[in-house]
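Chain by chain, the residues run as shown.
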Amino acid sequence: MNKDTKADVDAARAALALSGKAKRQALVLLRPPIWLNGIISLLAAAATITSAQASHSSLWTFFALSTSSALIALVAGWSFYLKLSGVSVKSPLGNNSKSTARNLALALLSAFIVLLGYHLTQQESWQFAYLAGLLIGILCSVGLHKLPAGEWISQDTNNG
Amino acid sequence: MAKACFDPLIHAHNRLQICALLESVAEMEFSVVKAQLSVSDSVLSKHVKALEQAGYITLSKRTSLARQRTWLSLTRDGELAYLGHVAALREIVGL
């Protein structure tokens, strides 16, 4: 093994750990604080519940629009805050293929839950709206905490 | 999946960390990278210059809120080189 161009196993392991640590640092910078994560997740859950019942009355439609607007404003605000802090977020579909696939899968799963919640609420019972809201809230909370850029943040990440 | 290719330029600890930091974001400001690496302006500038000359990162200076800010971003070549280097390290380790 050429010492000038190759590393030995220990040096390679140390370099991988260093790279994993730096990558984790970058991803943690993108993670919103717990209180903001909570508010965004609650708003996502509320938007799901209200939109599932929106056809019942104009008041539900008003609440659905209000919560959705507040949700979009908060997410845009967080992105703007990050930019002011010196970190510019990648497009959800512009990262590597793995994170793009993860983001797409999350978006499709969320859309499926929202639509299923709406359909079952109209056909069966209002309780499905709350079930869909709970699922979306949990998904949003876990997604923002563990997948802020489509890449899973683990304690001992090693570029895996 | 990037082809495994050991890159001595990226292998230096600070340069490896710079590439790792920039890989997950679109752009990161010079001062944020400096804080994450806990190095001085001159040390970071030296490494950034080496990476820029290799075409792995790009620098753009923009004024925001009456303050000049320098943004760093990984180029497509830089991303491929970094991912290839990480793949080469994983091969050496046997992962």
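Residues numbered from 1 in each chain as written. Chains lettered and ligands numbered in written order. Predicted model: local features only at pLDDT ≥ 70, side-chain atom pairs only at ≥ 80, totals over all residues. Heavy atoms only, no water.

- The name given to chain B in an unreviewed UniProt entry is MarR family transcripitonal regulator, and the organism recorded there is Pseudoalteromonas rubra.

A short note on the packing of helix H2 (residues 13-23) of chain B against helix H4 (residues 41-53) of chain B
All names here are of chain B.
Logical step 1: Two elements in contact, H2 and H4, have axes separated by 10 Å at closest approach and are oriented at 70°. One finds that H2 runs roughly perpendicular with respect to H4. Of the residues in H4, those touching H2 at Asn-14, Arg-15, Ile-18 and Cys-19 are Val-43, Leu-44, His-47, Val-48, Ala-50 and Leu-51.
Logical step 2: Looking at the contact of H2 with H4, its residues break down into 7 nonpolar, 2 polar and 1 charged. (Axes fitted to C-alpha atoms, helices over the stretch in contact; angles between N-to-C directions. Helix = DSSP H or I, 4+ residues; strand = E, 2+ residues; numbered from the N terminus. Parallel < 35°, antiparallel > 145°, perpendicular 65-115°, else oblique. Contact = heavy atoms within 4.5 Å. Nonpolar A, V, L, I, M, F, W, Y, C, P; charged D, E, K, R; others polar.)

Here's the deal with the UniProt feature "transmembrane region" (unreviewed entry) in chain A
Residue and element names in this part refer to chain A.
Logical step 1: Taking the UniProt record as the reference, the feature "transmembrane region" (unreviewed entry) is found at residues 34-54, 60-82, 103-120 and 126-144.
Logical step 2: With 100% helix and 0% strand, residues 60-82 has its two end C-alpha atoms placed 33 Å apart.
Logical step 3: As annotated, residues 103-120 comprises 100% helix and 0% strand, and the C-alpha atoms at either end are separated by 26 Å. (UniProt positions renumbered as here; feature names shortened; annotations may be inferred.)

Examining the interface of chain B and chain A
Logical step 1: With 29 residues of chain B at the interface, the matching set in chain A holds 33 residues.
Logical step 2: At the boundary of chain B with chain A, total buried surface from both sides reaches about 2,700 Å², with 61% on carbon and sulfur atoms.
Logical step 3: If you sort the residues of chain B by the area they bury against chain A, Ser-24, Ile-92 and Val-93 of chain B come out on top, with a joint share of 20%.
Logical step 4: Put simply, chain B and chain A have 2 salt bridges between them. (Buried area = accessible area lost by both parts, 1.4 Å probe. Salt bridge = Lys/Arg side-chain N within 4 Å of Asp/Glu carboxyl O.)

Describing the pairing of strand S3 (residues 67-74) of chain B
Residue and element names in this part refer to chain B.
Logical step 1: Burial analysis of S3 places 6 of its 8 residues in the buried class, the great majority of the element.
Logical step 2: Strand direction decides the pairing type here: strand S1 (residues 27-29) and S3, joined by 2 bridges, are antiparallel. Of the residues in S3, the one forming a bridge with Glu-29 is Trp-71.
Logical step 3: Relative to S3, strand S2 (residues 57-64) runs antiparallel, the two sharing 8 bridges. Within S3, the residue paired with Lys-61 across the bridge is Thr-70.
Logical step 4: Connecting S2 to the antiparallel partner S3 that follows it, the hairpin turn spans 2 residues, and Leu-65 within it adopts a positive phi of roughly 50°. (Buried < 20%, exposed > 50% of the residue type's maximum accessible area, 1.4 Å probe, protein only. Pairing = 2+ DSSP bridges.)

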